[in-house]
Amino acid sequence: MIILVVANQKGGVGKTTTTLNLAASLAATGRRILLLDIDSQANLTTGLGSKKTFEETTITDVLLEDASLKSLIQKKPEFNFDVIPGSPDLISAELEMARVSDPTSILKGKLNQLAHEYDYCLIDSPPSLGMLSVSALRAADKIIIPLQCEHFSVEGLASMQRTISEINEATSSTLKIDGILRTMFDQEKERARQISEKLEQALKEQVFSTIIPRCDLLAEAPSEGKPIMHIDPEAKGTLAYFALAGEIIMRFENKDVA
Ligand SMILES: Nc1ncnc2c1ncn2[C@@H]1O[C@H](COP(=O)(O)OP(=O)(O)OP(=O)(O)O)[C@@H](O)[C@H]1O
Ligand SMILES: [Mg+2]
């Protein structure tokens, strides 16, 4: 199982949209996909037509070592993937996690138990840098940073890079940014084109050649509770996330799209 973490401490950059639609595209290739929502906003969860769970047992209990991930898996046969929903109680999870030892290593351990059941686990993380995001980053095999081609995005990227270096130092790991994804791209905006080109030149190895265009349907799809490909298989947003899935398969599995 390859654990893909979609992260950026900056808010509203397309993390959730990317996690959800990339998962649908990878699932369409027959790969076994698990989605994990560890954001208390639970946008991923509601964007798939599920309710935010107010259940007795939630992902928070997993992070506190009181439950297994497996017990929380919801099947989504209509989309060919499984999902572990987010929950509003994740807000308190960060505080409570402080009472267990090495709290940010728990998620990685729990995911290991599912290693043979899925080809990919995609994790949608919150727009902050607390224990939840750090737990996700520590569990990652590959880290993907979505960003808009705007001035402040480049600063956000630098702070993600710093965060990852700090985690590496504290835990003797070798995490790095494996993919930078340009999102909500507006070809008409010269400034966006310039920043996009600069990113490509400066960070050639990491920047995906796929660019996600601004696409109204991508923003509307969550209200229908579906990934965009299940609404319009030919929308430009659908095609872009298919292209991204192809690039991910080539880069992270070293093979052509199957
Ligand atoms: N390519 C796109 N075209 C148009 N709208 C988009 C696109 N990608 C995302 N959006 C919209 O932009 C907003 C922010 O996207 P999204 O929720 O995916 O970001 P996020 O990084 O997960 O946000 P948060 O940090 O709050 O979790 C949403 O309303 C989403 O529908
Ligand atoms: Mg989000």
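To be clear, the structure that these remarks concern was listed above.
One numbering rule holds for all chains: residues counted from 1, following each sequence as written. Note on labels: chains are lettered from A, ligands numbered from 1, in written order. Per-residue local features of the predicted model are confined to residues with pLDDT of at least 70, and side-chain atom pairs are confined, for both listing and counting, to 80 or more; whole-chain, interface and lining totals are unaffected and use all residues. Based on all heavy atoms of the structure, the side-chain values leave hydrogens and waters out of the count.

Novice: Please clarify how the overall build of the protein should be interpreted in this entry.
Specialist: Looking only at helices and strands, the protein features 10 helices and eight strands. Note that the radius of gyration is over C-alpha atoms, with the globule rule given as 2.2 Å times the number of residues to the power 0.38. Taken over C-alpha atoms, the radius of gyration comes to 17 Å for the protein, in line with the 18 Å a tight globule of 258 residues would show. Projected onto its principal axes, the C-alpha positions of the protein cover 50 × 40 × 30 Å. Each of the 258 residues in the protein was classed as buried or not, and the buried ones make up 55%. Throughout, a contact is declared for two residues whenever any of their heavy atoms are within 4.5 Å. Once local pairs closer than 6 in sequence are excluded, the contacts in the protein between residues at least 24 apart make up 76%. Residues scored as positive are Lys and Arg, those scored as negative are Asp and Glu, and His as well as the terminal groups of each chain are ignored. Charge coordinates come from a single atom per side chain, which is NZ of Lys, CZ of Arg, CG of Asp or CD of Glu. Mean positive and mean negative side-chain charge positions of the protein (27 and 36 charges, respectively) differ by 3 Å. Every helix listed is a DSSP run of H or I at least four residues long, and every strand listed is a run of E at least two residues long, numbered separately from the N terminus. Categorising residues by exposure relies on relative accessible area from a 1.4 Å probe, with only protein chains included: less than 20% of the type maximum marks a residue as buried, more than 50% marks it as exposed, and the intermediate range marks it as partly exposed.

Novice: Help me out: how do you make sense of the site of ligand 1 in this one?
Specialist: Taken together, the neighbourhood of ligand 1 is formed by 17 residues, with Lys 15, Thr 16, Thr 17, Pro 213 and Cys 215 sitting nearest. At 2.8 Å, a side-chain N or O of Thr 16 approaches an oxygen atom of ligand 1. The contact in question runs from a nitrogen atom of ligand 1 to an N or O atom on the backbone of Cys 215, over 2.8 Å. Here ligand 1 loses 81% of its free accessible area of 620 Å² to cover by the protein chains. Points on a 1 Å grid, built from protein atoms alone, make a cavity when a 1.4 Å probe fits but cannot get out and make a pocket when they are open with protein on both sides within 12 Å along at least 5 of 7 lines; residues with an atom within 4 Å of a point are the lining residues. Cavities and pockets are treated as containing a molecule whenever more than half of the molecule's atoms lie within 2 Å of their grid points. Judged by the proximity of its atoms to the pocket grid, ligand 1 belongs to the largest pocket. Those elements that place two or more of their residues in the shell around ligand 1 are helix H1 (15-27), strand S8 (207-213) and helix H9 (216-224). Summary of the distance rule: residues count as near a molecule or strand when at least one heavy atom falls within 4 Å of that molecule or strand. Whenever a nitrogen or oxygen atom comes within 3.5 Å of another N or O atom, the pair is scored as a polar contact, on the condition that within protein one atom can donate a hydrogen and the other can accept it, and that pairs from neighbouring residues in sequence are kept only if both atoms are in side chains. Note on areas: Shrake-Rupley with a 1.4 Å probe; residue coverage comes only from the protein chains shown.

Novice: Mind showing me how you'd approach the layout of surface pockets here?
Specialist: It is a probe the size of a water molecule, rolled over the atoms, that shows where empty space is left. Grid points are joined across faces, edges and corners, and a volume is the space filled by probe spheres set on the points. The computed volume of the largest pocket comes to approximately 500 Å³. Forming the boundary of the largest pocket are 29 residues, of which Gly 14, Thr 17, Met 184, Leu 218 and Ala 219 lie nearest the centre. Counting residues per element, the ones that place at least two in the lining of the largest pocket are H1, strand S7 (177-185), S8 and H9. Broken down by class, the residue content of the lining of the largest pocket amounts to 14 nonpolar, 10 polar and five charged. Within this model, the second largest pocket holds a volume of roughly 170 Å³. Under the scheme applied here, ten amino acids are nonpolar (Ala, Val, Leu, Ile, Met, Phe, Trp, Tyr, Cys and Pro), four are charged (Asp, Glu, Lys and Arg), and all others, including Gly, are polar. Grouping the constituent residues of the lining of the second largest pocket by class yields three nonpolar, three polar and six charged.

Novice: Quick question: what am I supposed to make of the nonpolar core here?
Specialist: When a protein is soluble and globular, its nonpolar side chains tend to lie buried together. Here, the term nonpolar core denotes a set of buried Ala, Val, Leu, Ile, Met, Phe, Trp, Tyr and Cys residues that are joined through side-chain atoms within 4.5 Å. Counting residues in each nonpolar core, the largest one holds 46 residues, and the members touching the most others are Leu 36, Ile 59, Leu 111 and Ile 123. When residues in this core are grouped by element, the largest group, five residues, is from helix H6 (residues 131-139). Leaving out residues up to four positions away in the same chain, Ile 59 has contacts with Leu 36, Asp 37, Ile 38, Leu 69, Leu 72, Ile 84, Pro 85, Gly 86, Ser 87 and Leu 90. One finds Ile 2, Leu 218, Ala 221 and Phe 252 within the second-largest nonpolar core, a separate group that totals 35 residues.

Taken by themselves, the reported measurements are silent on function.
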